[in-house]
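Descriptive structure summary
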Amino acid sequence: DGKACAAVGQNGLMALYDTLFSQLDLTAAQLLVTDNDFRDPNFRSQLTETVNQLLDLKVVPVLNENDAVSTRKAPYEDSSGIFWDNDSLAALLALELKADLLILLSDVDGLYNGPPSDPRSKLIHTYVKEKHHGEITFGDKSRLGRGGMTAKVKAAVYAAYAGIPVIIASGKATDNIIKVMKGQHIGTLFHKDAHLWAAAKESGAREMAVAARESSRRLQALSSEERRKILLDIADALEANEQLIKVENDADVTAAEQAGYEKSLVARLALKPGKISSLARSIRVLADMEDPIGRILKRTEVADGLILEKTSCPLGVLLIVFESRPDALVQIASLAVRSGNGLLLKGGKEAKRSNAILHKVITSAIPGKVGEKLIGLVTSREEIPDLLKLDDVIDLVIPRGSNKLVSQIKESTKIPVLGHADGICHVYVDKSANMDMARRIVLDAKMDYPAACNAMETLLVHKDLVQNGSLNELIVDLKSEGVTLFGGPRVGALQDLNIPVAQTFHKEYNSPACTVEIVDDVYGAIEHINQHGSAHTDCIVAEDYKVAEAFLKQVDSAAVFHNASTRFCDGARFGLGAEVGISTSRIHARGPVGVEGLLTTRWLLKGSGQVVDGDKGVVYSHKDLPLI
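Everything numeric in this text was worked out from a predicted model, so none of it was measured. Here, residues in each chain are numbered from 1, in the same order as that chain's written sequence. Local features in this predicted model are restricted to residues whose pLDDT is 70 or higher, and side-chain atom pairs enter the listing and the counts only when it is 80 or higher, whereas totals over whole chains, interfaces and linings include all residues. With hydrogens and water excluded, all non-hydrogen atoms of the structure serve as input to the side-chain values.

Another aspect to go through is the side chain of His462. With respect to the element layout, His462 can be found in strand E14 (residues 456-462). Each polar contact in these results corresponds to two N or O atoms within 3.5 Å; when the atoms are within protein, one needs to be able to donate a hydrogen and the other to accept it, and residues that are neighboring in sequence are counted only if both atoms are side-chain atoms. Separated by 3.0 Å, the side chain of His462 and the backbone nitrogen of Asp464 make a polar contact. The contact definition used throughout considers only heavy atoms, calling two residues in contact when any of these lie within 4.5 Å. The contact partners of His462, leaving out residues within four places of it in the chain, are Tyr428, Val429, Asp430, Lys431, Ile518, Val519, Asp520 and Asp521. Numbering goes from the N terminus for both helices and strands, where a helix is a DSSP run of H or I of at least four residues and a strand is a run of E of at least two.

Here is the structure:
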């Protein structure tokens, strides 16, 4: 008998609530209601008063239908009456109690336009009744709960149109209730005013991405020379508008200084004298490089008269999210044009004016037959969550910025992410090192541009350099340049150096500061770097060839150098023309990512009427052919 089972189960359910809430030093209270109770105005008034009293006492009220005495004949099927399941009860209670927000938890992320198990189904972030009511296809009801998503949507629409905002979100994801309360972009929102603003917002992000894809296809259809001319026109436009760009950039720098931003951020924000000319030169180098689109990478004779070609092609649409550095916008935009990709850019608010003028100058040089929407500038931070959901129209996300930014983006999207979270770069000075060379490399790696991701953050030295005084020379050099030093345990133990111990080796200073530590030998350095580094760029200074070879082969980083500053890890210095960033990923592209990293491949098969027919009539040759 279901009702008898419910009477027993209610005790067990509250015992579980009591156990869980007691771990948070909270008390729970149970209120059981039936459909008929709500027909009594006095009951409804008393319910509100009791719940408010419980909340004032910091007691969590748990409300449930009293299935044990419900007059409904089949409570799991009968949907008549004032409420018929927990979802409709929740909506009713939200109205009765004049709630500010109703959160309905589900076993999926929210409301999809089709069954969540269907990979073609997309999450609806904001429900607009006029738009979505006829579009949604509901799958089978989950085995959890009574009514499934159909019941949740019905209850959410009922409450929302009565004035209570509703969120349907996953109850399985960690901290989802807290994230909703903080206003994060979680689940599906139901709101009575959604038709006024949500549709335009959602379509805005999608339309921007779709427009970039369509423009990229028109760009790919141009001749190689026409694409080259676009890059040359962009370079000319930047130089012609240098003064205007400087005015806007100076305004951003002044505002950042007044707002009290860190010096490292302000340094990355400023376009120093000669920077625009340098960027223009890089673009012209890029324009003069071999056209990367449509190159035949491999030719194979599959069978007589059946030729297979592997060719290079653009990825599609790129979303680049970057902080501080407006020069990154120029590099990324020029690489997108050269590689034939559509591009969406979101810069930091601190560079808002610089990014706006650079975007305007660059897109003005793009011909109408391609369209200026090839490169879209995202101006609102609120648009980013919408864009990160568009895995059907955006092909790659490249975040350039802090560890926090990169980590947040990786956690928020199904789109592949290319980039690095940290730039913890090492210089190891071996006992065989030429010390004059070592001192030059160490100072350059740290002080050429301390805020760069390829600047040295940890100096490792062979233990013999302590005894012969070379470590002391390096420390004196760094201190004389204004570098603040922190020591590992072995350096901290040397009292005559008087260097405070670093709290962690996993530290990216982005400023004139670094960690110094002693290792036993090259293998100690390799172990330290592989354990504490970020797989970005690491360098050995050594004259012993075997020691250097061991370092080059065994340090597992994107770039590993011998007797050269870590600051060389840069797309322009590598001859790539420019870079969209430096990747520490192991899939697709690694190290400075130039044009090659923004390309993928496709296969072209050219035949003369061949058919498979169970492979009966085909003699496979699989012969490599020369490239043409």
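What follows deals with the packing of helix H8 (residues 224-240) against helix H12 (residues 326-339). Whenever a helix is involved, its axis is fitted only over the stretch in contact; in every case the axis is a line through C-alpha atoms, and angles between N-to-C directions fall within 0 to 180 degrees. Between H8 and H12, the shortest axis-to-axis distance is 9 Å and the interhelical angle comes to 160 degrees. By the criterion of interaxial angle, the relationship of H8 to H12 is roughly antiparallel. Of the two possible hands of crossing, H8 and H12 adopt the one that is right-handed. Seen from H8, the contacting residues are Arg227, Ile230, Leu231, Ile234 and Leu238; seen from H12, they are Val330, Ser334, Val337 and Arg338. Should an angle fall under 35 degrees it is taken as roughly parallel, and over 145 as roughly antiparallel, whereas 65 to 115 is taken as roughly perpendicular and any remaining angle as oblique. Here is the rule for handedness: rotate from the far helix to the near one, and if that takes an anticlockwise turn smaller than a right angle the crossing is left-handed, while a clockwise turn gives right-handed.

What follows is about the nonpolar core. Soluble globular proteins: nonpolar side chains tend toward being buried together. In terms of nonpolar packing, the biggest core is built from 49 residues, with Leu238, Leu343, Leu345 and Ile375 touching the most fellow members. Elements represented by at least two residues in this core include exactly H8, helix H11 (275-288), strand E9 (317-322), H12, strand E10 (342-346), helix H13 (352-364), strand E11 (375-377) and strand E12 (396-400). Considering every element that reaches this core, the biggest residue donor is H12, with eight residues. Ignoring anything within four residues of it in the chain, the contact list for Ile375 reads Ala333, Val337, Leu343, Leu345, His359, Ile362, Thr363 and Ile366. Nonpolar core, defined: a set of buried Ala, Val, Leu, Ile, Met, Phe, Trp, Tyr and Cys residues in which side-chain atoms within 4.5 Å join the residues together. The classification of residues rests on relative accessible area computed with a 1.4 Å probe and restricted to protein chains. Under 20% of the type maximum is buried, over 50% is exposed, and intermediate values are partly exposed. Ile441, Leu465, Leu485 and Ile499 belong to the second largest nonpolar core, which has 31 residues in total.

Between the first and last residue of a helix there are one fewer steps than residues, each counted as 1.5 Å, and that sum is the expected span. Compared with the 24 Å implied by 1.5 Å per residue over 17 residues, the 25 Å span of H8 between its first and last C-alpha is a close match. For H8, the complete set of buried residues consists of Arg227, Ile230, Leu231, Ile234, Ala235, Ala237 and Leu238. Taken end-on, H8 shows its buried residues confined to a sector of 165 degrees, consistent with a single buried face. Arc definition: directions from the helix axis to the C-beta atoms.

To continue, consider unusual backbone geometry. Positive phi values are uncommon outside glycine, yet Asp175 reaches one of about 65 degrees. Looking at where Asp175 falls in the secondary structure, it is placed in the loop between strand E5 (166-170) and helix H6 (176-181). Since its relative accessible area comes to 46%, Asp175 is described here as partly exposed. At His622, a residue that is not glycine, the phi angle is positive and equals roughly 45 degrees.

Quick look at the sheet that holds strand E15 (residues 484-487) now. Strands sit in the order E15-E16-E14-E13-E17-E18 across an open sheet of six strands; the sheet is parallel. The sheet terminates laterally at E15 and strand E18 (559-562), the two strands that pair on one side only. For this sheet, the mean inter-axis angle between neighbouring strands, taken without regard to orientation, is 20 degrees. Taken together, the four bridges between strand E13 (residues 425-429) and strand E17 (residues 537-541) define a ladder with parallel strand orientation. In the sheet register, Val429 faces E17, and the bridge partner there is Val541. Those strands touched by helix H18 (residues 470-480) are E13, E14, E15 and strand E16 (513-519), and its axis lies near 160 degrees from that of E14. When DSSP locates at least two bridges between a pair of strands, those strands are taken to pair.

Next up on the list: the environment of Glu262. Structurally, Glu262 can be placed in the loop between helix H9 (242-258) and helix H10 (263-269). When the C-alpha positions of Glu262 and Asp521 are compared, they lie 37 Å apart, and in sequence the two are 259 residues distant.

Time to look at the sheet that holds strand E6 (residues 188-190). Reading across the sheet, the four strands line up as E3-E5-E6-E4 and stay open at both edges, with mixed pairing between neighbours. Because the sheet does not close on itself, it has two edges, and the strands there are strand E3 (102-106) and strand E4 (126-127). Here three bridges tie E5 to E6, and the two strands are oriented antiparallel to one another. Residue pairing across strands places Val166 opposite Phe190, the latter belonging to E6. Most of the contacts of helix H5 (residues 148-161) go to E5, to which it runs at about 155 degrees, and overall it touches E3, E4, E5 and E6.

Functional significance is not addressed by these values, which are geometric in nature.
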